[in-house]
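Residue-level structure breakdown
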Protein chains: 2
Amino acid sequence: MNSDTRQRIVMTALEMFYVKGYNSTSIADILSRSQVHSGSLYHCFPGKQDLLVAVLEFYRDGIEDNLLSIAWADQTDPIEKIFALLNGYRIGLLMSDFQHGCPIGNLALEISEPDPRIRELLDVNFANWIDAVERCLNSANERLPAGTDTHALAEFILTIMEGAIMQARTARDIAVFDRNITVLRQHINLLLEKAKEPS
Amino acid sequence: MNSDTRQRIVMTALEMFYVKGYNSTSIADILSRSQVHSGSLYHCFPGKQDLLVAVLEFYRDGIEDNLLSIAWADQTDPIEKIFALLNGYRIGLLMSDFQHGCPIGNLALEISEPDPRIRELLDVNFANWIDAVERCLNSANERLPAGTDTHALAEFILTIMEGAIMQARTARDIAVFDRNITVLRQHINLLLEKAKEPS
DNA sequence: TGAAAACTTGAATGATCGATCAAGTGAGTG
DNA sequence: CACTCACTTGATCGATCATTCAAGTTTTCA
């Protein structure tokens, strides 16, 4: 397996699935953009679905190096880490003129009857993201009300990220995204305040 | 324009776009399911995009009769109206084995480079949904903290609905949806409690 | 009643899709 | 040097895509 060719194919597919979606990206698109011929592609991958699997495995294996470590550079406060992560998606929206949202979320809604491998990989990617946020919340444990369900709260934050991106892309207006994050911030502040109460 | 044929086409397209998505639904699919021949379809619609426009116009014009009035039967409390609306999507997920999410949200993420008409129609549909929730919040105005941004909160609730559906569909687990709604409920309760404080 | 307009039928079109494969290249190994 | 085998080339395949259109049928209305 020529890993240079394979990697070029995967990175091209990753980028095109991100911008155009899975169904709207043709093999011919990927071939011309990656400067690879069809025989080489089908030497590395049995079919288009396996290309998607490879892309999702790349996301899964690279969450630390390609996402978290970048968003969390210079961040120490665990609560601020969460907002720094969300801000990464905000920047992605702005820099791409609202083309780049969340690659996993896009695929999750686009693929209606997924291959089991693909559904599981989408699920794992979500789970890894939730875990990362949950670790932040657990680090801030003593600042949150006793008995706070940090897993549910981490899921909630993913939910807000996905929904906020969806609305901002549709409206082509970053202010929608910002208002959503502001309400999330208010919710977190309410929790922090509640934790301070003597009760 | 034979409105019977037109309506049958639109309702079939609506259903198939909902379940399979826009790109994955072929004209041939719609023709066979609606028992219409291609000439009739293209007599009514210039092309596939115009079919999507008609579907989105149907959603836009039917939000009151086809969505709100059903979800809000037997609901009087404005806050509970919001949760009843969310519960409608929960039931849709369960009854369709996680096939039915939010038709607007699905299309919003799937269509990456939309025709301006389509982007605007997606936007209008979101705006109408937000308006409906905002009206509920405004009705409960005196129970919320003074100065609450009800528009931002309504956007936030749409965000949660979309994100919760996305996660529940991917995990094929309604518990994810429920946990998200629970956290939203806690946020609303925090607001209601805060409004009671003498400050 | 008769002609025009609206609508239906269904075969056909060219484009594009994912996928195949025979032939060729070249690096590594005996 | 000879052989192997991973890899590349690029023409080609059948399926399916959205769309077209000539011919036929029904409805409208003067």
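Before reading on, note that the structure itself is shown above.
Residues numbered from 1 in each chain as written. Chains lettered and ligands numbered in written order. Predicted model: local features only at pLDDT ≥ 70, side-chain atom pairs only at ≥ 80, totals over all residues. Heavy atoms only, no water.

This next bit is on the overall build of chain A. Scanning chain A from terminus to terminus reveals 9 helices and 0 strands. Viewed in the frame of its principal axes, chain A has a C-alpha envelope of about 70 × 35 × 35 Å. A burial count over chain A gives 53% of its 199 residues as buried. Looking at chain A as shown, the accessible area adds up to about 8,900 Å², and 49% of this sits on carbon and sulfur atoms. Counting 18 positive and 27 negative side-chain charges, chain A places the centres of these two groups 4 Å from one another. (Helix = DSSP H or I, 4+ residues; strand = E, 2+ residues; numbered from the N terminus. Buried < 20%, exposed > 50% of the residue type's maximum accessible area, 1.4 Å probe, protein only. Areas by Shrake-Rupley, 256 points an atom, 1.4 Å probe, with all protein chains shown as cover. Lys, Arg positive; Asp, Glu negative; His and termini not counted. Charge placed at Lys NZ, Arg CZ, Asp CG, Glu CD.)

A few words now on the relation of the copies chain B and chain A. Superposing chain B onto chain A takes a rotation of 180° combined with a translation of 0.0 Å along the rotation axis, leaving an RMSD of 0.0 Å. These values place the two chain copies in the arrangement generated by a two-fold rotation axis. The position closest to the rotation axis in chain B is occupied by the C-alpha of Gly163(B), lying 2.4 Å away. Comparing contact sets, 100% of the residues at the interface of chain B also lie at the interface in chain A, consistent with an isologous, same-surface contact. (Least-squares fit on C-alpha atoms with pLDDT ≥ 70 in both. Contact = heavy atoms within 4.5 Å.)

Residues and elements named next belong to chain A. For the structure shown, the criterion picks out 5 aromatic pairs over all chains. A ring pair is formed by Phe17 and Tyr22, whose centres lie 5.2 Å apart and whose planes are at 65°; its orientation type is edge-to-face. For Phe17, a relative accessible area of 2% gives the class buried. Here Tyr89 and Trp129 contribute two aromatic rings whose centre-to-centre distance is 6.4 Å and whose plane-to-plane angle is 55°, an arrangement assigned as tilted. Remark: Trp129 occurs in helix α7 (residues 116–139) and Tyr89 occurs in helix α5 (residues 78–95); sequence separation between them is 40 residues. By the burial criterion, Tyr89 is buried, and Trp129 matches it. (Phe/Tyr/Trp six-rings, centres within 6.5 Å; stacked < 30°, edge-to-face > 60°.)

With that settled, consider the interface of chain B and chain A. In this complex, chain B contributes 43 residues to the contact, which on the side of chain A involves 43 residues. In total, chain B and chain A occlude about 3,800 Å² of area from one another, counting both sides; carbon and sulfur atoms represent 62% of this. It is Leu109(B), Met166(B) and Thr170(B) in chain B that bury the most area against chain A; as a group they hold 18% of the surface buried on that side. Where chain B meets chain A, there are 2 salt bridges. Taken together, chain B and chain A are joined by 13 residue pairs in polar contact (both at pLDDT 80 or more). With 16 residues, helix α8 (residues 150–171) of chain B is the single largest residue contributor to the side of chain B that touches chain A. The class makeup of the residues in the side of chain B that touches chain A is 19 nonpolar, 13 polar and 11 charged. (Buried area = accessible area lost by both parts, 1.4 Å probe. Salt bridge = Lys/Arg side-chain N within 4 Å of Asp/Glu carboxyl O. Polar contact = N/O pair within 3.5 Å; in protein donor to acceptor, adjacent residues only side chain to side chain. Nonpolar A, V, L, I, M, F, W, Y, C, P; charged D, E, K, R; others polar.)

Below, the discussion takes up the layout of surface pockets. Of the pockets and cavities examined, the largest pocket occupies roughly 850 Å³. Residue lining of the largest pocket: 30 residues in total, with Tyr18(A), Tyr59(A), Asn66(A), Leu67(A) and Tyr89(A) positioned closest to the centre. Every element with two or more residues in the lining of the largest pocket is listed here: α1 (3–20), α4 (48–71), α5, α6 (103–110) and α7 of chain A. Tallied by class, residues from the lining of the largest pocket come to 20 nonpolar, 10 polar and no charged. For the lining of the largest pocket, the two domains that each supply at least three residues are domain 1 (1–45) and domain 2 (56–196) of chain A. What lines the second largest pocket is a set of 27 residues, among which Tyr18(B), Asn66(B), Leu67(B), Tyr89(B) and Pro103(B) lie closest to the centre. Listing elements by their share of the lining of the second largest pocket, those giving two or more residues are α1 (3–20), α4 (48–71), α5 (78–95), α6 (103–110), α7 (116–139) and α8 of chain B. The dominant element in the lining of the second largest pocket, judged by the number of residues it contributes, is α4(B), at 8 residues. (1 Å grid on protein atoms, 1.4 Å probe; cavity = no way out; pocket = protein on both sides within 12 Å on 5 of 7 lines; lining within 4 Å. Points joined across faces, edges and corners; volume = space filled by probe spheres on them. Domains from an automatic or database assignment.)

So, about α7(B). Taking 1.5 Å of rise per residue, 24 residues should cover 34 Å, and α7(B) covers 34 Å from first to last C-alpha, within 8% of that figure. The backbone nitrogen of Arg117(B) has a side-chain oxygen 3.0 Å away, supplied by the residue at the start of α7(B), namely Asp115(B). (Expected span 1.5 Å × (residues − 1).)

This next bit is on a negative patch on the surface. Taken together, the side chains of Glu193(A), Glu197(A), Glu193(B) and Glu197(B) make up a negatively charged region of the molecular surface. Within the element layout of this structure, Glu197(B) appears in the segment after α9 (174–196). (Patch = residues over 30% accessible without salt bridge, like charges linked within 9 Å, V, L, I, M, F, W, Y side chains within 5 Å.)

What follows is about a nonpolar patch on the surface. All names here are of chain A. Taken together, Ile91, Leu94 and Met95 make up a surface patch of nonpolar side chains, about 320 Å² in accessible area. Residue placement: Ile91 occurs in helix α5. Taking relative accessible area as the criterion, Ile91 reaches 38% and is therefore assigned partly exposed.

Attention now moves to unusual backbone geometry. Its identity is not glycine, yet Asp97(A) carries a phi of approximately 55°, on the positive side. Relative to the elements of secondary structure, Asp97(A) occurs in the loop between α5 and α6. By relative accessible area, Asp97(A) is classed as partly exposed at 45%. In the Ramachandran plot, Gln35(B) falls in the positive-phi region, its phi being about 55° despite a non-glycine side chain. Within the element layout of this structure, Gln35(B) appears in the loop between α2 (27–34) and α3 (38–44).

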